[in-house]
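# Fold and geometry: a report
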Amino acid sequence: MADDALILGGVRFTNRLFTGTGKFASNDQIPAMLAASGSQMITVALRRVDQSGRAENILDFIPKNVTLLPNTSGARDAEQAVRIARIARAAGCGDFIKIEVITDMQMLMPDNWETLKATEILAREGFVVLPYVLPDLTLAKRLEDVGAAAIMPLGAPIGTNRGLETKMLIELLIAHCRLPIIVDAGIGRPSHAAAAMEMGAAAVLVNTAIATAADPASTGRAFSLAVEAGRMAFLADMAAESATAQASSPLTGFLDD
């Protein structure tokens, strides 16, 4: 486990829990959550970054050793996503970008086609692109071809805390993609995060479940431990499930045999 780091865009991550900045009761809770969880990457919506000094700047609450993952929240098509990414880079947020293109305003499902187009453009411009998508193996292979750094399939609709409702489709991506699979959206319990890591996910991104908890710092710590446990279980290559009972001790050789 000591050398089990995740490398994205040349950056080494030893903690595979990624977190977010949205929905906290107060931005003051973010530093404590990051310290307790050990999370080394955090998402931030560009509209919450204020370089003018006229409003509270979310960046003031994020330690410099935590990698920023700006997202293109609010984008309705590839063109808007590309524009937001370029502004984020110009604002000093770095080269990482999470592509989030949503046209379905009821269930907030990502638009896979527009996401693919934005990924291709931004990867050519040197961005480290992490596209947020509905899990689709054909799309995932195309994202690989156009230069995505990882693929971020949703586990369940964003903000629902319902866990791995797309488990079978995520398993296909893990089995057949060469890029890291980072499960994003819908993870509501540490057990969900552990299950995703046991499947072989490279990391998970959790925001709502941590930010809306009564104690975000403790919740972040719980998620971090669950991610570590799930990763250890995956690397241990644990025994597969069995359709029949398997005795853990011999059923013969008793004294009266």
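Thresholds, definitions, all that
In this numbering scheme, every chain counts its residues from 1 along its sequence in written order. Local features in this predicted model are restricted to residues whose pLDDT is 70 or higher, and side-chain atom pairs enter the listing and the counts only when it is 80 or higher, whereas totals over whole chains, interfaces and linings include all residues. Excluding hydrogens and water, the side-chain values take into account all heavy atoms of the structure. Pairing of aromatic rings covers Phe, Tyr and the six-membered ring of Trp, with a centre-to-centre limit of 6.5 Å; geometry is then stacked below 30 degrees between planes, edge-to-face above 60, and tilted otherwise. Note on conventions: DSSP H or I runs of at least 4 residues are helices, E runs of at least 2 residues are strands, and numbering of each starts at the N terminus. Exposure categories follow from relative accessible area, calculated using a 1.4 Å probe and restricted to protein chains: below 20% of the type maximum is buried, above 50% is exposed, and the middle band is partly exposed. Only Lys NZ and Arg CZ are tested; either one counts as a charge over a ring when it is within 6 Å of the ring centre and within 35 degrees of the ring normal. Take a side-chain nitrogen of Lys or Arg and a carboxyl oxygen of Asp or Glu: if they are within 4 Å of each other, that pair is a salt bridge. Any two strands with at least two DSSP bridges between them are considered paired. Whether a crossover is right-handed depends on one test, that the path from the first strand over the helix to the second runs clockwise when the strands point away from the viewer. In these notes, a set of buried Ala, Val, Leu, Ile, Met, Phe, Trp, Tyr and Cys residues joined through side-chain atoms within 4.5 Å is what counts as a nonpolar core. Two residues form a contact once any of their heavy atoms are found within 4.5 Å. The axes used here are C-alpha line fits, helices contributing only the stretch in contact, and every angle between their N-to-C directions lies in the interval 0 to 180 degrees. The cut-offs work like this: below 35 degrees is roughly parallel, past 145 is roughly antiparallel, 65 to 115 is roughly perpendicular, and the gaps in between are oblique. With the far helix as reference, a near helix turned anticlockwise by less than a right angle produces a left-handed crossing, and one turned clockwise produces a right-handed crossing. Polar here means any residue outside two lists: the nonpolar Ala, Val, Leu, Ile, Met, Phe, Trp, Tyr, Cys and Pro, and the charged Asp, Glu, Lys and Arg; Gly therefore counts as polar. Regarding the arc, it is the one traced by the directions from the helix axis to the C-beta atoms.

### Section: the packing of aromatic side chains
- Under the defined criterion, the tally for this structure stands at two aromatic pairs.
- Taken together, a centroid distance of 6.3 Å and an interplanar angle of 85 degrees make the contact between F13 and F96 edge-to-face. With F13 in strand β2 (residues 11-13) and F96 in strand β6 (residues 96-99), the pair connects residues that are 83 residues apart, well separated along the chain.
- Given a relative accessible area of 1%, F13 falls into the buried group.
- Residue classification places F96 among the buried positions, given a relative accessible area of 7%.
- Put simply, the rings of F13, F18 and F96 pair up and form one aromatic cluster.
- Cation over ring: R89 sits above F127, and NZ or CZ is 3.7 Å from the ring centre.
- Cation over ring: K98 sits above Y132, and NZ or CZ is 4.9 Å from the ring centre.

### Some points on the pattern of salt bridges
- Following the criterion strictly, the structure yields 12 salt bridges and no others.
- The salt bridge partner of D4 is R231, with a shortest N-O separation of 2.8 Å. In this pair, D4 sits in the segment before β1 (6-8) while R231 sits in helix α8 (residues 216-235), placing the two residues 227 residues apart along the sequence.
- The buried category is assigned to D4, whose relative accessible area is 14%.
- Residue classification places R231 among the buried positions, given a relative accessible area of 11%.
- Between D184 and K98 there is a salt bridge, and its shortest N-O distance comes to 2.7 Å. Within this pair, whereas D184 is found in strand β9 (residues 182-184), its partner K98 is found in strand β6, the two being separated by 86 residues in sequence. Each member of the pair D184 and K98 is classed as buried.
- Residues joined by salt bridges that share partners form a network here, namely K141, E144, D145 and R178.

### Things to note about the pairing of strand β10 (residues 203-206)
- Of the two faces of β10, the one lined by A203 and L205 and the one lined by V204 and V206 are each fully buried.
- Judged from the three bridges that link them, β9 and β10 form a sheet pairing that is parallel. Counted as the bridge partner of D184 is L205 from β10.
- Taken together, β9, helix α6 (residues 190-199) and β10 constitute a β-α-β crossover, and its handedness is right-handed.

### A word on the nonpolar core
- I42, L122, I151, V183, V204, V206 and F223 are the most contacted members of the largest nonpolar core, which has 58 residues in total.
- Among all residues touching L122, those that are not within four sequence positions of it are A81, V82, A85, I97, I99, F127 and V129.

### What about the packing of helix α3 (residues 112-124) against helix α4 (residues 137-146)?
- Two numbers describe how α3 lies on α4: the axes approach to 9 Å, and their chain directions differ by 15 degrees. The orientation of α3 with respect to α4, classified from their angle, is roughly parallel. For the element pair α3 and α4, the recorded crossing hand is right-handed. Here N112, L116, T119, E120 and A123 of α3 come into contact with α4, specifically with L139, R142, L143 and V146.
- Grouping the constituent residues of the contact of α3 with α4 by class yields five nonpolar, two polar and two charged.

### Quick word on helix α5 (residues 167-176)
- For α5, every residue scored as buried is listed here: I170, L173 and I174. Down the axis, α5 shows its buried residues gathered within 100 degrees of arc, on one side only. Across α5 from its buried face, at more than 90 degrees, point the exposed residues M168 and A175.
- Buried positions along α5 lie against α4, β8 (152-153), β9 and α6.

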